[in-house]
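# Notes for the structure review
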Amino acid sequence: MGRDVDVACGERWHRRHEPTAAALIARKIRAQFVTVLISLAAYSAGAQTLAPAPAQSTPEPQPLEEVIVTAPEPRYVAPTLRDRIGRVWAPVYVNGEGPLRLVLDTGATRSAVTVEAATRLKLPVLNAPKVLLRGMTGEAMVPLVDVESIEIGDLTVEPAKLLVVQDAFGGAEGVLAARGLKDRRILIEFRKDHIEIVRSKNQRALAGFTVLPIRLIRGHVPSVRAVVGNIEVKAIIDTGAQQTTGNLALREALIARRRVEEKQDKVIGVTGDIQEGPTSRVPPIYLGNVRVSNAHITFVDLFIFKHWRLTDEPAIMLGMDVLGVLDTLILDYRRKEMQIRLVN
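The text that follows walks through the structure, step by step, so that each part is easy to find.

Parameters and conventions
Residues numbered from 1 in each chain as written. Predicted model: local features only at pLDDT ≥ 70, side-chain atom pairs only at ≥ 80, totals over all residues. Heavy atoms only, no water. Helix = DSSP H or I, 4+ residues; strand = E, 2+ residues; numbered from the N terminus. Buried < 20%, exposed > 50% of the residue type's maximum accessible area, 1.4 Å probe, protein only. Contact = heavy atoms within 4.5 Å. Areas by Shrake-Rupley, 256 points an atom, 1.4 Å probe, with all protein chains shown as cover. Core = buried A, V, L, I, M, F, W, Y, C linked by side-chain atoms within 4.5 Å. Polar contact = N/O pair within 3.5 Å; in protein donor to acceptor, adjacent residues only side chain to side chain. Pairing = 2+ DSSP bridges. Axes fitted to C-alpha atoms, helices over the stretch in contact; angles between N-to-C directions. Arc of directions from axis to C-beta. Salt bridge = Lys/Arg side-chain N within 4 Å of Asp/Glu carboxyl O.

Time to look at the overall build of the protein chain. For the protein chain, the count of helices and strands is five helices and 27 strands. In the protein chain, buried positions account for 52% of the 344 residues. Across the protein chain, the fraction of contacts at a sequence separation of at least 24, relative to all contacts at a separation of at least 6, is 69%. Put simply, the protein chain shows about 16,700 Å² of open surface, and 51% of that area lies on carbon and sulfur atoms.

Okay, here's the thing in structure tokens:
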């Protein structure tokens, strides 16, 4: 009998015990890997730009032709559309082995590794029970394996459970879910290729940041209020998605106000299911006083919108095509805030 992946499994987050000298040396070595590498590729429809919302008039947006973060080795070289926009990779250790390149996914309920990574780690996949994984585009029964520990930075989950999926796309070795970060602070500095996950100290936003209160869907998925054109929407912050998607309620509201030119696109989820829908350029997206110009949204009756009961009101899932052009993104789960800063 399969179990629902949303059922709690007794995981707990805590700081490590006082490390030994050997552990300190190992930590120093591991620290060299604590870098998140992202790449943002311009796409043919026109790249996106961010600018503070003006008081009265709106200047012409300056096109961002290409943003590439150089790295010692290529990170986003997948030739398919499944990873045409760079996602955030976090270095994670499983049972002390690694680091594995897991995609930081604020929209995921549970962390996962690919079959290939699980085989390399010698995880007991064959005899593992199967649970129901609800993805963006569908659901599937997948193995749920027990592991001794999951480590990122100075945080450790032990014991822990991991889903095993066929593919995380784009060369990633799995997904790092934000579940269990209720008192944590995630800092992503895109231009510095840096990610940090620490216990929140209830720190207020520094000067130059825009602050938006977040509400947690099902206790862990962050969402904010946003505006598309002049339509209020619920915006889910999804760092695991390469593209921004909208529900059909938003599409209908936009069509009622303006002519929309559309072309067909596909959305591929971690379960392997594919959903198709029209993609169109939309009016500016406003996140507080931050304006996102030249944005494109793919409108799909996603399975996950139904699961979260977000079919009646306009809603979007903000992917890395929007989030990745910021300078800094902070999600403070203790303060229930999203703090964002534009590129200077």
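Once that is clear, we can look at the environment of L342. Tracing the backbone shows L342 in the segment after strand 27 (337-341). Separated by 17 residues in the primary sequence, L342 and V325 have C-alpha atoms spaced 8.0 Å apart.

For the rest of this paragraph, the subject is the side chain of T114. Along the chain, T114 turns up in strand 6 (residues 112-114). Those residues in contact with T114 that sit more than four places away from it in its chain are V164, V165, Q166, D167, A168, A172, E173 and G174.

Before going further, it helps to spend a moment on the nonpolar core. Within the largest apolar cluster, 62 residues are counted, with the highest numbers of intra-cluster contacts made by V113, L250 and M338. Broken down by element, this core gets its largest block of residues, four residues, from strand 18 (residues 231-237). Once you skip the residues sitting within four places of it in the chain, V113 turns out to touch L100, L102, A118, L123, L162, L163, V164, V165, E173 and G174. By size, the runner-up hydrophobic cluster in this structure holds 14 residues, among which are I217, V267, F305 and A315.

Within the secondary structure layout, E337 lies in strand 27. Here R335 takes part through its side chain, which lies 3.1 Å from a polar atom of the side chain of E337. Each residue touching E337, except ones within four places of it in the same chain, is listed here: V211, L212, I214, I330, L331 and D332.

In this section: the sheet that holds strand 26 (residues 328-332). A sheet is described by the order of its strands in space; here five strands give the open sequence 14-13-26-27-15, paired in antiparallel fashion. Because the sheet does not close on itself, it has two edges, and the strands there are strand 14 (194-199) and strand 15 (210-213). On average, each strand axis in the sheet is tilted by 15° relative to the strand beside it, whichever way the strands run. As defined by bridge partners, strand 13 (residues 184-189) adjoins strand 26 across five bridges and the pair is classed as antiparallel. What sits directly across from I188, in strand 26, is L329.

Turning our eyes to something else, we now look at the pairing of strand 18. Counting buried positions along strand 18 yields six of seven residues, so the element is predominantly enclosed. With six bridges connecting them, strand 17 (residues 221-228) and strand 18 associate as antiparallel partners. Bridge pairing links V227 to E232 in strand 18. The hairpin formed by strand 17 and strand 18 contains two residues between the paired strands, and G229 there has a positive phi angle of roughly 70°.

Moving on, we come to helix 3 (residues 248-255). Where helix 3 is concerned, the buried positions are A249, L250, A253 and L254. Along helix 3, the residues classed as buried sweep out an arc of 135° about the axis, all on the same side.

What follows deals with unusual backbone geometry. Going from G98 to P99, the amide bond is cis rather than trans, its omega being 10°. Following the sequence through the fold, P99 ends up in strand 5 (residues 97-105). Between E158 and the following residue, P159, the backbone shows a cis peptide bond with an omega angle of -10°. Not every positive phi belongs to a glycine, and K122 is a case in point at roughly 60°. Note on placement: K122 falls in the loop between helix 2 (115-120) and strand 7 (130-134). One non-glycine residue, R218, adopts positive backbone phi at about 55°. Locating R218 in the fold gives a position in the loop between strand 16 (215-217) and strand 17.

In this section: the environment of I237. Mapped onto the elements, I237 comes out in strand 18. Taking the C-alpha atoms as reference, I237 lies 9.4 Å from I214; in sequence the two are 23 residues apart. When near neighbours in sequence (up to four residues on either side) are disregarded, I237 contacts T106, G107, P222, V224, L318, L323, L331 and M338.

For the rest of this paragraph, the subject is the pattern of salt bridges. Enumeration over the complete set of coordinates arrives at eleven salt bridges. We note a salt bridge from K306 to D301, for which the minimum N-O separation is 3.4 Å. Assessed through its relative accessible area of 33%, D301 is described here as partly exposed. Ionic pairing is found between R341 and D327, a salt bridge with its closest N-O pair at 3.1 Å. Of this pair, R341 sits in strand 27 while D327 sits in the loop between helix 5 (320-323) and strand 26; the two residues are 14 residues apart in sequence, bridging distant segments of the chain.

Moving on, we get to the pairing of strand 13. Buried residues dominate strand 13, accounting for six of its six residues. On strand 13, burial covers both faces: R184, I186 and I188 on one face and R185, L187 and E189 on the other are all buried. Where strand 13 folds back onto strand 14 in an antiparallel hairpin, the turn is made up of four residues, including D193, whose phi is positive at roughly 55°.

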